[in-house]
Amino acid sequence: MKIVDAKVVVTSPGRNFVTLQVTTDDGVTGLGDATLNGRELAVVSYLRDHVAPLLIGRDPHRIEDAWQYLYRGAYWRRGPVTMAAIAAVDVALWDIKAKVAGLPLYQLLGGASRDRIRAYGHANGSSLPEIFDSVRALQERGYQAIRIQSGVPGLKSVYGVHTTTSVDGSAPDVLARPVVEDWDTAAYLRYIPRVFEAVRNEFGPDLPLLHDAHHRLSPIEAARLGKDLEPYDLFWLEDCTPAEDQEALRLVRQHTTTPLAIGEVFNTVFDYQTLIDDRLIDYVRSAVTHFGGVSPMKKLFDYAGQRGIKSAIHGPEDISPVGMAAALHLDLAVHNFGIQEYSGHTDLTNEVFRHAYTFDDGYLHPGEAPGIGVELDDELAAAHPYEPGYLPVNRLQDGSVHDW
Ligand SMILES: [Mg+2]
């Protein structure tokens, strides 16, 4: 068996997705997600110009060899563009191997360790009544674990809370420049514990609650927030400090028993080394799409599991159904599963990427279709071409740039 084609498909059924489609000489196709939100075309070029030509003629069954060839062979290792491209190849080859075997991918990863996969959804609001309504809407959809993001009084636009205008007056759908949000750490630290007190009072002690600080706090600020949130029994506090500073979480850990999660911007196991070896976190949060694929994610989870650390794969809307499907096969198979982020996709996106995975009563399952269980509708994808777009940026009250 040989690879005869490696095509990069860019489509925007409401948001941009980049997909690698690998085809073998006997007509088997495999899909891999290569979507890097806000920097999509850099990965397209990396794949089209540098990776796809290397795949032609290769044996698709030699997945580990292909991974090492692309990772070590490029000399320039790591980074989100490189690792998203390698991830797309890795997942596409696993898709092919599982299709040839006639099995859903999770069966090749050791088989199911559980019957279903608990998901958490995103609730948000600029006021407490809005947040309560958002939580209730998620509960009606079946969610049994919920991330809470709140507006902060005095701030116009905050991460995770939908708004109609940004600080500089531009509409969020203006794509020529990033939307500008604003930030005040002191106001945030004063307000967020009151939000969780109110949510606990409204919804009781049993609902698992999560919160994402989106890398905006210094170590001592994050330590204080973790302590202040302890009475409200969070499932986790996510990305409390800038992720590239592994030592930052040592100080946070020394001050709070609030569980910590991090890793959605990590690309290799080396980003986690201190965090895992010294047990500074409770959940590893990487995306299959940005971490080099299923192969290194399985190794990461096995490594983390030796320290009692659990999986929590990154799964916002900008992970395509292809990336989500790959995540769900891992979730079902690994023993140290923690939870899966899942927002779902629009109906149009689900038509472009028809998938076997299901969401029911707060739980996901990858389905029993051979491979990862996703089929790409090429014609529908082509009818929705790429649209330029950026992630927002963030400025403090004095105008200086802050972490977004
Ligand atoms: Mg996050």
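Residues numbered from 1 in each chain as written. Predicted model: local features only at pLDDT ≥ 70, side-chain atom pairs only at ≥ 80, totals over all residues. Heavy atoms only, no water.

### A word on the pattern of salt bridges
Counted according to the given criterion, the structure contains 21 salt bridges. In this structure, Arg78 and Asp271 form a salt bridge, with 3.1 Å as the shortest nitrogen-oxygen distance. Note that Arg78 is positioned in the loop between helix 2 (63–73) and helix 3 (80–101) and Asp271 in the loop between strand 9 (260–262) and helix 8 (273–277), a separation of 193 residues in sequence. Accessibility expressed as a relative area gives 36% for Arg78, which makes it partly exposed. Asp271 sits in the buried class, given a relative accessible area of 18%. What emerges from the salt-bridge pattern is a single network uniting Glu238, Glu264, Arg285 and Glu341. (Salt bridge = Lys/Arg side-chain N within 4 Å of Asp/Glu carboxyl O. Helix = DSSP H or I, 4+ residues; strand = E, 2+ residues; numbered from the N terminus. Buried < 20%, exposed > 50% of the residue type's maximum accessible area, 1.4 Å probe, protein only.)

### Here we look at the side chain of Ser150
Here Ser150 shows up in strand 5 (residues 146–150). In contact with Ser150, other than residues within four places in its own chain, are Gly125, Ile131, Val158, Val161, Tyr191, Ile192 and Val195. (Contact = heavy atoms within 4.5 Å.)

### Let's talk about the coordination of the magnesium ion
Around a metal, the perfect tetrahedron of four donors has angles of 109.5 degrees, and the perfect octahedron of six donors has angles of 90 or 180 degrees. For the magnesium ion, the full set of protein donor atoms is Asp212 (OD), Glu238 (OE) and Glu264 (OE), and the range of their distances to it is 2.0 to 2.3 Å. In primary sequence terms, the donor set of the magnesium ion follows D-x25-E-x25-E. Residue Glu238 is located in strand 8 (residues 236–238), and its partner Glu264 is located in the loop between strand 9 and helix 8; the two are separated by 26 residues in the primary sequence. (Donors = N, O, S within 2.8 Å, 3.2 Å for Na, K, Ca; no water.)

### Focus: the domain arrangement of the protein chain
Once the domains are mapped, the protein chain shows domain 1 (3–104) and domain 2 (108–369). Taking only C-alpha atoms into account, the centre of domain 1 sits 26 Å from that of domain 2. Taken together, the contact between domain 1 and domain 2 spans 31 residues of the former and 33 residues of the latter. When the two sides are added together, the surface that domain 1 and domain 2 hide from each other amounts to roughly 2,400 Å², 63% of it contributed by carbon and sulfur. Sorting the residues of domain 1 by area buried against domain 2 places Pro13, Asp33 and Pro104 first, and these three jointly supply 25% of that buried surface. Counting across the interface, domain 1 meets domain 2 through two salt bridges. Mapped onto the side of domain 1 that touches domain 2, the elements with two or more residues apiece are strand 2 (17–24), strand 3 (29–33), helix 2 and helix 3. If one sorts the elements of the side of domain 1 that touches domain 2 by residue count, helix 3 sits on top with 10 residues. In the side of domain 1 that touches domain 2, the residues fall into 18 nonpolar, seven polar and six charged. (Domains from an automatic or database assignment. Buried area = accessible area lost by both parts, 1.4 Å probe. Nonpolar A, V, L, I, M, F, W, Y, C, P; charged D, E, K, R; others polar.)

### Quick word on the sheet that holds strand 17 (residues 393–396)
Here three strands make up an open sheet; going across it, the order is 6-17-18 and the pairing mixed. The outermost strands of the open sheet, each flanked by one partner alone, are strand 6 (180–183) and strand 18 (401–402). Bridge count for strand 6 against strand 17 is four bridges, and the pairing is parallel. Its bridge partner being in strand 17, Trp183 is matched across the sheet by Leu396. (Pairing = 2+ DSSP bridges.)

### Regarding the nonpolar core
Proteins that are soluble and globular tend to have nonpolar side chains buried together. Judged by nonpolar contacts, the single largest core of 117 residues is most densely connected at Leu47 and Ile148. When residues of this core are assigned to their parent elements, the largest contribution, 12 residues, is made by helix 3. Mapped onto the domain boundaries, this core takes at least three residues apiece from domain 1 (3–104) and domain 2 (108–369). The contact partners of Leu47, leaving out residues within four places of it in the chain, are Val8, Leu20, Ala34, Ala52, Pro53, Ala85, Ala88 and Val89. Grouped together as the second largest cluster of nonpolar side chains are nine residues, Trp236, Ala261, Ala312 and Ile339 included. (Core = buried A, V, L, I, M, F, W, Y, C linked by side-chain atoms within 4.5 Å.)

### A look at the layout of surface pockets
Space left empty within the atom packing is revealed by a probe, the size of a water molecule, rolled over the atoms. Looking at the second largest pocket, its volume works out to about 240 Å³. Lining the second largest pocket are 15 residues, and of these Trp67, Val269, Phe270, Pro296 and Lys299 sit closest to its centre. When residues of the lining of the second largest pocket are traced back to their parent elements, those giving at least two are helix 2 and helix 9 (294–305). At five residues, helix 2 tops the list of elements feeding residues into the lining of the second largest pocket. Its residues assigned to classes, the lining of the second largest pocket shows eight nonpolar, four polar and three charged. Inspection of the lining of the second largest pocket shows a minimum of three residues originating in each of domain 1 (3–104) and domain 2 (108–369). (1 Å grid on protein atoms, 1.4 Å probe; cavity = no way out; pocket = protein on both sides within 12 Å on 5 of 7 lines; lining within 4 Å. Points joined across faces, edges and corners; volume = space filled by probe spheres on them.)

### What to know about the packing of helix 2 against helix 9
Running from N to C, helix 2 and helix 9 point in directions that differ by 95°, and their axes come no closer than 10 Å. With respect to their mutual orientation, helix 2 and helix 9 come out roughly perpendicular. Mapping the contact onto sequence places Ile63, Glu64, Trp67 and Gln68 in helix 2 and Ser295, Pro296 and Lys299 in helix 9. In terms of residue class, the contact of helix 2 with helix 9 is made up of three nonpolar, two polar and two charged. (Axes fitted to C-alpha atoms, helices over the stretch in contact; angles between N-to-C directions. Parallel < 35°, antiparallel > 145°, perpendicular 65-115°, else oblique.)

### Some remarks on the sheet that holds strand 3
Ordered by their spatial adjacency, three strands build an open sheet running 1-2-3, and the pairing between neighbours is antiparallel. If you trace the sheet from one side to the other, it starts and ends with strand 1 (3–11) and strand 3, each paired once. Across the sheet, the mean angle separating the axes of adjacent strands is 20° when strand polarity is ignored. Examined bridge by bridge, strand 1 and strand 2 share eight bridges and lie antiparallel to one another. The partner of Lys7 across the bridge, within strand 2, is Gln21.

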